[in-house]
Amino acid sequence: MSGFVHHYGLAALFLIVMLESGGVPLPGETALVAAGVFAQRGDLDIAAVIAVAAVAAIVGDNLGYWIGRTGGRAVIQRWGFASRSLPWAERFFARHGPKTIFLARFLSVLRVTAAWLAGISRMHWWTFFFWNAAGGICWAALVGLVAYYVGQAAADAISRYGLIGGAVVIAAVAVGLAAVHVWRKRLVEQP
């Protein structure tokens, strides 16, 4: 397994994150977490993991944006959603587009759909690109480093304090991530 990860891990990470960002519902964040843990074990380089995930997120989101921009309106019109959805989406992205694109990287459903929606609503590409790149880089660094260091902390706690110590570390991280999720949700839902 170690040899496979060493040789193909970064390519698999790139493909999964890029496809998820482009609109295919795949576990991109899970792949990044796994790559961070493999980096902690020495099978991958954490700097390479973060760089590959960030580039894949940016490339995939841009593909999704252009698919939405060039063909998304036709699909929405064919399904009959255009008259009620497009004006709302255009107003929403005009008002909240940059922060939506940045925060979408951290929310699973939006990670798959936000680029398409930005393209369909005709968000200016340079604005999209800047906030998408910022979100992709921050997401890759944060998730990759948390997986890298929490993987090490959990292993150290288990070796020193047994499974109960490892469970306490994992529970503490889960509570922290849940708090961040609630905070982000409140931020997105504010008028």
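Residues numbered from 1 in each chain as written. Predicted model: local features only at pLDDT ≥ 70, side-chain atom pairs only at ≥ 80, totals over all residues. Heavy atoms only, no water.

Chemist: With reference to specific residues and values, describe the overall build of the chain.
Modeler: For the chain, the helix and strand inventory stands at 6 helices and 0 strands. Counted from the first residue to the last, the chain has its helices and strands arranged as α-α-α-α-α-α. Across the 191 residues in the chain, those meeting the buried criterion constitute 39%. (Helix = DSSP H or I, 4+ residues; strand = E, 2+ residues; numbered from the N terminus. Buried < 20%, exposed > 50% of the residue type's maximum accessible area, 1.4 Å probe, protein only.)

Chemist: I'd like a description of helix α2 (residues 28-41), backed by residues and values.
Modeler: If you check α2, its first and last C-alpha atoms are 20 Å apart, about what 14 residues at 1.5 Å a residue would give, namely 20 Å. Every buried residue belonging to α2 is among Gly 28, Ala 31, Leu 32, Ala 35, Gly 36, Phe 38, Ala 39 and Gln 40, and all of these are buried. A positive phi of about 95° marks Gly 42, the residue just after α2. (Expected span 1.5 Å × (residues − 1).)

Chemist: Just give me the short version of the side chain of Arg 111, but keep the residues and values in it.
Modeler: Residue placement: Arg 111 occurs in helix α5 (residues 108-120). Here the side chain of Arg 111 touches Arg 105 through a polar contact of 2.8 Å, landing on its backbone oxygen. Excluding residues within four positions of it along the chain, Arg 111 makes contact with Glu 20, Ser 21, Glu 29, Asp 61, Ala 104, Arg 105, Phe 106 and Trp 139. (Polar contact = N/O pair within 3.5 Å; in protein donor to acceptor, adjacent residues only side chain to side chain. Contact = heavy atoms within 4.5 Å.)

Chemist: Please set out the packing of aromatic side chains residue by residue, giving values where relevant.
Modeler: A complete count under the given rule lists 10 aromatic pairs for this structure. Taken together, a centroid distance of 5.9 Å and an interplanar angle of 50° make the contact between Phe 102 and Phe 106 tilted. You can call Phe 106 buried: its relative accessible area is 13%. Their ring planes at 90° and their centres at 6.3 Å tell us that Phe 102 and Trp 131 sit as a pair that is edge-to-face. Note that Phe 102 is positioned in helix α4 (residues 82-104) and Trp 131 in helix α6 (residues 125-189), a separation of 29 residues in sequence. Three or more aromatic residues joined by ring pairs form one cluster here, namely Tyr 65, Trp 66, Trp 125, Trp 126, Phe 128 and Phe 129. The positively charged end of Arg 105 is found above the aromatic ring belonging to Trp 139, 4.8 Å away from the centroid. (Phe/Tyr/Trp six-rings, centres within 6.5 Å; stacked < 30°, edge-to-face > 60°. Lys NZ or Arg CZ within 6 Å of the ring centre and 35° of its normal.)

Chemist: Give me the lowdown on the packing of α2 against helix α3 (residues 46-79), citing residues and values where you can.
Modeler: Across the interface, α2 lies against α3 with an axial gap of 9 Å and an inter-helix angle of 165°. When the axis of α2 is compared with that of α3, the two are roughly antiparallel. The two elements α2 and α3 meet at a crossing, and its hand is right-handed. Here α2 contributes Leu 32, Ala 35, Gly 36 and Ala 39 to the contact with α3, which in turn contributes Ile 46, Val 49 and Ala 53. (Axes fitted to C-alpha atoms, helices over the stretch in contact; angles between N-to-C directions. Parallel < 35°, antiparallel > 145°, perpendicular 65-115°, else oblique. Left-handed = near helix turned anticlockwise from the far one by under 90°.)

Chemist: I'd love a proper account of a nonpolar patch on the surface, names of residues and values included.
Modeler: On the surface, a cluster of nonpolar side chains totalling about 390 Å² of accessible area is made up of Val 55, Val 59, Leu 63, Ile 67 and Trp 116. Residue placement: Trp 116 occurs in helix α5. (Patch = residues over 30% accessible without salt bridge, like charges linked within 9 Å, V, L, I, M, F, W, Y side chains within 5 Å. Areas by Shrake-Rupley, 256 points an atom, 1.4 Å probe, with all protein chains shown as cover. Salt bridge = Lys/Arg side-chain N within 4 Å of Asp/Glu carboxyl O.)

Chemist: Could you give an account of the pattern of salt bridges, with specific residues and numbers?
Modeler: Inspection of every chain in the model, using the stated rule, returns 4 salt bridges. Put simply, Glu 29 and Arg 111 hold a salt bridge, and the shortest N to O gap is 3.7 Å. Taken together, the positions of Glu 29 in helix α2 and Arg 111 in helix α5 put the pair 82 residues apart, joining distant regions of the chain. Owing to a relative accessible area of 26%, Glu 29 belongs among the partly exposed residues under this scheme. Asp 61 is the salt-bridge partner of Arg 105, the closest N and O atoms lying 2.8 Å from each other.

Chemist: Give me the packing of α3 against α5: which residues, what numbers.
Modeler: One way to put it is that α3 packs onto α5 with a least axis distance of 6 Å and a crossing angle of 60°. As summarised for this structure, α3 and α5 are arranged oblique, according to the angle between their axes. Relative to α5, α3 is oriented so that their crossing is right-handed. Across the interface between the two elements, Asp 61, Gly 64, Tyr 65, Ile 67, Gly 68, Arg 69, Gly 72, Arg 73 and Ile 76 of α3 pack against Arg 111, Ala 115, Trp 116, Ala 118, Gly 119 and Ile 120 of α5. Here the residues of the contact of α3 with α5 sort into 7 nonpolar, 4 polar and 4 charged. (Nonpolar A, V, L, I, M, F, W, Y, C, P; charged D, E, K, R; others polar.)

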